[in-house]
Amino acid sequence: LCTVDSCDPDSGACVHAAKACDDGDLCTQDLCQGATGLCTNPPVSCDDDDPCTVDSCDPDSGACVHDSPDCDDGDPCTVDTLDCGTLECGHAAKGCDDGDACTVDSCAPDSGDCVHGVVTCDDGDLCTDDTCAPDSGCVFTPATCDDEDACTLDDTCADGVCTGIPANCDDDNPCTDNGCDPDTGCWTSLN
């Protein structure tokens, strides 16, 4: 059923020419079904068994083409990946964390280089010593405060100024005079 049968008038021989099933499409297989004589034109299989390629047939040449999706988004601060299961691109931010809580980590968009700026630990309080611990970040410790006046006790800081409680230099002895010298502290003399 897949031949066109005729007789050659010059020789008297039988001629069995293949039935023409060409559909003119280079990306199909032109077949004749022997049982029915019907033409079929299934597509050429270009599957390369690589899940990370998009397989197709070039209609001009009939050659198989295996393209891999271009996932480069042009951003040097992303890590571009291809999910071969879905053929979808992913663009995760480049990891620049250096594990140091005292740096501000970022990516330079022009070069893709990681940049680690210094964290500023200023709480605006003049009564604290501001430092940074690499494992935990900013630390604000109450500042050691001394008003340099020997006549005050328990110096504390308020609004950036050290002040203390006036020392009680009275020895409760009516026979002595008591006072305080800012440089030396309490004094007592006989009256």
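In the block above lies the structure referred to throughout.
In short, a report on the structure. Nothing here was measured: the structure is a model prediction, and the numbers come from that model.

**What about the pairing of strand 16 (residues 185-190)?**
Then comes step 1: Where strand 15 (residues 176-181) and strand 16 come together, six bridges link them in antiparallel fashion. Opposite Asn-178, over in strand 16, you have Thr-188 as the bridge partner.
Then comes step 2: Hairpin connection of strand 15 to strand 16: three residues between the antiparallel strands.

**Section: a negative patch on the surface**
Then comes step 1: Together, Asp-22, Asp-23, Asp-25 and Asp-30 make up a negatively charged patch on the protein surface.
Then comes step 2: Position of Asp-22 relative to the elements: it lies in the loop between strand 2 (14-18) and strand 3 (31-32).
Then comes step 3: What makes Asp-22 exposed here is its relative accessible area of 60%.

**A closer look at unusual backbone geometry**
Then comes step 1: In this model, Asp-49 sits at a positive phi of 60°, which is unusual for a non-glycine residue.
Then comes step 2: Tracing the chain through its elements places Asp-49 in the loop between strand 4 (39-40) and strand 5 (54-57).
Then comes step 3: On the basis of relative accessibility, which here comes to 68%, the residue Asp-49 falls in the exposed class.
Then comes step 4: The phi dihedral of Glu-148 falls on the positive side, at around 55°, and the residue is not glycine.
Then comes step 5: If you trace the backbone, Glu-148 turns up in the loop between strand 12 (137-142) and strand 13 (152-158).
Then comes step 6: By relative accessible area, which is 69% here, Glu-148 ends up exposed.

Cut-offs used in this document
Residues numbered from 1 in each chain as written. Predicted model: local features only at pLDDT ≥ 70, side-chain atom pairs only at ≥ 80, totals over all residues. Heavy atoms only, no water. Pairing = 2+ DSSP bridges. Helix = DSSP H or I, 4+ residues; strand = E, 2+ residues; numbered from the N terminus. Patch = residues over 30% accessible without salt bridge, like charges linked within 9 Å, V, L, I, M, F, W, Y side chains within 5 Å. Areas by Shrake-Rupley, 256 points an atom, 1.4 Å probe, with all protein chains shown as cover. Salt bridge = Lys/Arg side-chain N within 4 Å of Asp/Glu carboxyl O. Lys, Arg positive; Asp, Glu negative; His and termini not counted. Charge placed at Lys NZ, Arg CZ, Asp CG, Glu CD. Buried < 20%, exposed > 50% of the residue type's maximum accessible area, 1.4 Å probe, protein only.

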